[in-house]
Amino acid sequence: MAAQQQDVRPVDAQDATSGTATEEATTVAADRAARRRDRVEQLLAEMTAEEKVAQLVGLWVGADASGGGVAPHQADMSGTIPSFEAVIAHGLGQLTRPFGTAPVDPVVAARSLAASQRQVVAANRFGIPAQVHEECLTGFAAWQATTYPTPLAWGASFDPALVEEMAGRIGASMRAAGVHQGLAPVLDVTRDYRWGRTEETIGEDPYLVGDLGAAYVRGLEGAGVVATLKHFAGYSASRAGRNLAPVSMGPVELADVILPPFETALRHGGARSVMHSYAEIDGVPSAADEWLLTDLLRGRWGFEGTVVADYFGIAFLQRLHGVAGSLGEAAHLALRAGVDVELPSVDAYGAPLLAALRDGTVDEALVDRALRRVLTQKAEVGLLDEDWDPSPPAGDAVVLDDPVGRDVALRLARESVVLLENRDGVLPLAHGARVAVVGPLADDPMAMLGCYTFPAHVGAQHPDVPMGVDVPSVLAALRERVGDVPTARGCDIESDDASGFDEAVAVARDADVVVVAVGDRAGLFGRGTSGEGCDATDLHLPGRQGDLVRAVLATGTPVVLVLLTGRPYAVGDLAEGAAAVVQAFFPGQLGGQALAEVLTGHVAPSGRLPVSMPRDASGQPGTYLSQPLGRRSGVSDVDPTPLYPFGHGLTYTTFTWSGARALDGDVWPVDGETRVAVDVRNDGGRAGTEVVQLYLHDPVASVVRPVVRLVGHARVDLEPGQSATVEMTVHADLASFTRRDGTRVVEPGDVELRLARSSADAEHAVRLRMDGPVRTVGDDRHLLSTARVLTSPGGR
């Protein structure tokens, strides 16, 4: 088999310069690093307590529309607005969201930020600027910035290279605007789909979350922006999916499901910051957990960056968790645990911390420890350099939404669309067919955007200001491709009003095929059906949307059900009646175009589910990572089998898999690698993409294990008649698990590596014998497999 080889795992770029040039560059970098270390130690020695503490806090600000500076943002916790001059008198650690607080022209906002940075520098005797951070989960959260698909959509792509490319574009736009740190990616593993922030997660599998999360980190850090891993750790496993609810979790689940993505993103991404979680696990809040933030993160994993507080998280130790009697006590607990920076504004690390220092409650060594980390990071991003200039590198040309960024957003949106069902080949839509589009999200641009996009997160508070970017709806995008398309809204997303059903039914009855667009509206704390604080009691579609779909199905017109959501919903009876089902997880500003292209066949769908689709809205939400008794059994009348499993997705062609084989024999050393391969051929009449997934099945272990879990994947793009060999290399460390005593081991015995189209659809099982003694695995373990796709040159 020939000859075109595709390595599907990004590799570090090799230095192509000459040996002499490389040596000179290394010497210069070493000298610069030494000067920066000396500068940090000098500052530590000379700073007063007030100056030290000032570097450990942020201030929430908004850029002034005049370009003259920034203004403090109303403090959500205290209800007071501090004086900017008073806060910066001794210096300032961070400026919080100058671009992401109000819609301000990017050029003007950059001028305001630069002016304020000069003010910060002039106010403190050491001339130290503030580090600037912004949200960037779905793009730079600023007005007029490109809005990319949500993390669930990244997960659906199974494409770490494209996620890395996206993050590189996001980072470049942030650096051009004068921003140093991004509060992303979210590495929480989905555990309960009712949780409102499910849309912010990459999926329900720790391997996939870690792989794509590390790719995002590489892109952001490669652009010179500090990536911040969040939320460390356990936040997504709250009881009943309620935001900030307590977490009931044992050490094995924490070690094997929750922690691996963070470890992967640190080791394979190089993240320089971590944000603590709001969660409390077994009575210990993350912000006060010394084992988590110091012993594990720094001691075992070797992390040297900064730990920042989730917004108001330190004050929550007193006000919500009740483990501190005062803000001073909260500051002590957080500093001792290892939280270096309080965000978003001055609270516990301000006057309460200074008072605790003066009365001896807090050892100044704890402040110095945090300060050294903060100043070291400021040095790394150039803020302590003598030639530092607050002017944004792009000068007056601060363009945050350009053709290159939109191209990346469109490609990722296309790859994230998942075709779940396609009966009788109703898709792609037949040329000349009379198409109608109905539903509350048919002509709603906001249906494309997640909670942490600027239009949903901030723009919703400024209804008189334009969205800032062009976001075509499904209807608008389809009309560009098929001409005039009749439409009817039918109902609102959450309302119980069904008065629009008759119009929608009439429109559907007159069509050859009807697209019904339903789902979520992203928002914050009850202002949406998905997003932070927008948790669900069950997994029915919100409002009367399910009834609308049933009414349209009753017309007999073939229905293409399009789900635009931030979580998977239980649509069992709706899917049974629909001719086709398409899932998109808030696919970004060009998601409408991507959906229209998939529906009309201009693009073949290639997305795969990053979360399972439940069958029963009132059943127990559970992910595919379940043990044998977590699946259907004879001891319970509740069947948790999903409607569509993790990894499921169809396309417009057919693929044949053959020749699955172990390339190194059937013995897998407990301390070594094994390779498996499978041949994939496109037997259909058009180009398409197959996603080969590799799952581990370990039938006997000393603790109960999930039936299968993902340990590798590869996207395979093939023309009609073209073939490829997919080869995956897996280290035995990926078969390791945590025992009850906390040790991670690889145990000998029989295992299977299943080459599969989804977690429930294995094409081939390669049986192997893990050989050797029980081996304890250290923190230097292998975390990712590698994949090669060897593609034949031809096709037909």
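Cut-offs used in this document
Residues numbered from 1 in each chain as written. Predicted model: local features only at pLDDT ≥ 70, side-chain atom pairs only at ≥ 80, totals over all residues. Heavy atoms only, no water. Helix = DSSP H or I, 4+ residues; strand = E, 2+ residues; numbered from the N terminus. Buried < 20%, exposed > 50% of the residue type's maximum accessible area, 1.4 Å probe, protein only. Polar contact = N/O pair within 3.5 Å; in protein donor to acceptor, adjacent residues only side chain to side chain. Contact = heavy atoms within 4.5 Å. pLDDT = per-residue confidence, 0-100. Phe/Tyr/Trp six-rings, centres within 6.5 Å; stacked < 30°, edge-to-face > 60°. Lys NZ or Arg CZ within 6 Å of the ring centre and 35° of its normal. Pairing = 2+ DSSP bridges. Right-handed = clockwise from strand over helix to strand, strands pointing away. Salt bridge = Lys/Arg side-chain N within 4 Å of Asp/Glu carboxyl O. Core = buried A, V, L, I, M, F, W, Y, C linked by side-chain atoms within 4.5 Å. Axes fitted to C-alpha atoms, helices over the stretch in contact; angles between N-to-C directions. Parallel < 35°, antiparallel > 145°, perpendicular 65-115°, else oblique. Left-handed = near helix turned anticlockwise from the far one by under 90°. Nonpolar A, V, L, I, M, F, W, Y, C, P; charged D, E, K, R; others polar. Disulfide = S-S within 2.5 Å. Arc of directions from axis to C-beta.

A. Fine view of the side chain of Ser-345. With respect to the secondary-structure elements, Ser-345 resides in the loop between α12 (327-337) and α13 (351-358). Relative accessible area serves as the criterion here: at 12%, Ser-345 is assigned to the buried category. Of the polar contacts made by the side chain of Ser-345, one reaches the backbone nitrogen of Trp-60; its length is 2.9 Å. Beyond its immediate chain neighbours, meaning those up to four positions away, Ser-345 contacts Gly-58, Leu-59 and Trp-60.

B. The confidence of the model for the protein, seen in detail. When pLDDT is averaged along the protein, the result is 94, and 96% of the positions lie at 70 or above. Contacts of residues 1-16 to residues separated by more than four positions or lying in other chains number 35 contacts, the stretch itself having pLDDT below 50.

C. Spatial organisation of the packing of aromatic side chains. By the definition in use, this model includes 11 aromatic pairs. Seen in terms of ring centroids, Phe-232 and Phe-262 are 5.0 Å apart; in terms of plane orientation they differ by 65°. Their pairing is edge-to-face. Of the two residues, Phe-232 is situated in strand β7 (residues 226-232) and Phe-262 in helix α9 (residues 260-269); the sequence distance between them amounts to 30 residues. Using a relative accessible area of 0% as the deciding quantity, one classes Phe-232 as buried. Judged by relative accessible area, Phe-262 falls into the buried class, the value being 1%. Among the aromatic residues, those joined into a cluster by ring pairs are Phe-158, Tyr-624, Phe-646 and Tyr-695. Residue placement shows Lys-230 over the ring face of Tyr-452; its charged tip is 5.5 Å from the ring centre.

D. Quick peek at the pairing of strand β16 (residues 559-564). With 6 of 6 residues buried, β16 lies mostly within the body of the structure. Residues Val-559, Leu-561 and Leu-563 of β16 are buried on one face, and the alternating residues Val-560, Val-562 and Leu-564, pointing to the opposite face, are buried as well. As judged from the 6 bridges shared by strand β15 (residues 513-519) and β16, these two strands associate in the parallel manner. Opposite Gly-519, over in β16, you have Leu-564 as the bridge partner. The parallel pair β15 and β16, bridged by helix α19 (residues 545-553), forms a crossover whose chirality is right-handed. Relative to strand β17 (residues 580-584), β16 runs parallel, the two being bridged by 5 bridges. Bridging from a neighbouring strand, Val-562 pairs with Val-582 of β17. Taken together, β16, helix α20 (residues 572-577) and β17 form a β-α-β motif whose crossover is right-handed.

E. A look at the pattern of salt bridges. On inspection of all chains with the given rule, the structure shows 51 salt bridges. In this structure, the salt-bridge partner of Arg-521 is Asp-444, at a minimum N-O distance of 2.8 Å. Of the two residues, Arg-521 sits in the loop between β15 and α19 while Asp-444 sits in the loop between β13 (435-438) and α16 (454-457), which places them 77 residues apart along the sequence. A salt bridge links Glu-597 to Arg-481; the shortest N-O distance between them is 3.8 Å. Of this pair, Glu-597 sits in helix α21 (residues 591-600) while Arg-481 sits in helix α17 (residues 474-482), placing them 116 residues apart in sequence. What you see here is one network of salt bridges that share partners, running through Arg-414, Glu-480, Arg-481 and Glu-597.

F. The arrangement of the nonpolar core in detail. The biggest cluster of nonpolar side chains holds 175 residues, and the ones touching the most others in it are Tyr-216, Phe-232, Tyr-349 and Trp-668. It is helix α7 (residues 206-222) that provides the largest number of residues to this core, a total of 8 residues. In this structure, Tyr-349 is in contact with Val-53, Leu-56, Val-57, Ile-314, Ala-331, Ala-334, Leu-335, Val-339, Asp-340, Val-341 and Glu-342, ignoring residues within four places of it in sequence.

G. The arrangement of the environment of Ala-315 in detail. The residue Ala-315 is located in helix α11 (residues 313-319) in this model. C-alpha of Ala-315 to C-alpha of Lys-378: the two residues are 63 residues apart in sequence and 25 Å apart in space.

H. Expanded view of the side chain of Ser-416. With respect to the helices and strands, Ser-416 occurs in helix α15 (residues 403-416). In this structure Ser-416 touches Ala-153, Ala-156, Ser-157, Gln-583, Pro-587 and Gly-607, once residues within four positions along its chain are discounted.

I. Focus on the packing of α12 against helix α14 (residues 364-380). Here α12 crosses α14 at 55°, and the two axes come no closer than 9 Å. Comparing their axes, α14 and α12 come out oblique. The way α12 lies across α14 gives a crossing that is left-handed. Together, His-332, Leu-335, Arg-336 and Ala-337 of α12 and Leu-366, Val-367, Arg-369 and Ala-370 of α14 make up the contact between the two elements. Of the residues contributing to the contact of α12 with α14, the split by class is 5 nonpolar, 1 polar and 2 charged.

J. Broad picture of the pairing of strand β2 (residues 58-63). In terms of residue burial, β2 counts as a mostly covered element, since 6 of its 6 residues are buried. Burial along β2 is two-sided: the face carrying Gly-58, Trp-60 and Gly-62 and the face carrying Leu-59, Val-61 and Ala-63 are both buried. Looking at chain direction, β2 and strand β4 (residues 94-96) are connected through 3 bridges and run parallel. Bridge pairing in β4 places Gly-58 opposite Gln-94.

K. Molecular detail of the state of the cysteines. Evaluation of the coordinates by the stated rule reveals 0 disulfides. In this structure Cys-491 is not part of a disulfide, and its nearest cysteine sulfur, from Cys-534, lies 18 Å away. For Cys-534, which is in no disulfide, the shortest distance to another cysteine sulfur is to Cys-451 and amounts to 6.6 Å.

L. Structural detail: α13. Of the positions making up α13, those classed as buried are Leu-353, Leu-354, Ala-356 and Leu-357. All buried residues of α13 fall inside an arc of 160° around its axis, so they share one side. Exposed residues pointing more than 90 degrees away from the buried face of α13 are listed as Ala-351 and Arg-358. Next to the buried residues of α13 lie α2 (49-54), α12 and α14. At the exit of α13 stands Gly-360, carrying a positive phi of roughly 85°.

M. Structural view of the sheet that holds strand β28 (residues 775-776). Pairing within the open sheet is antiparallel, and its 3 strands lie in the order β24-β25-β28. A strand with exactly one partner marks an edge of an open sheet, and here the two such strands are β24 (737-738) and β28. The sheet contact formed by strand β25 (residues 744-746) and β28 spans 2 bridges and is antiparallel. Looking at the pairing, Val-745 lines up with Thr-776 of β28.

N. Inspection of unusual backbone geometry at higher detail. Here the residue pair Phe-232 and Ala-233 is connected by a cis peptide bond, since its omega of 0° sits within 30 degrees of zero. Of note, Ala-233 is situated in the loop between β7 and α8 (251-258). Here the amide bond leading from Leu-427 into Pro-428 is cis, since omega sits at 0°, within 30 degrees of zero. Position of Pro-428 among the secondary structure elements: in the loop between β12 (418-422) and β13.

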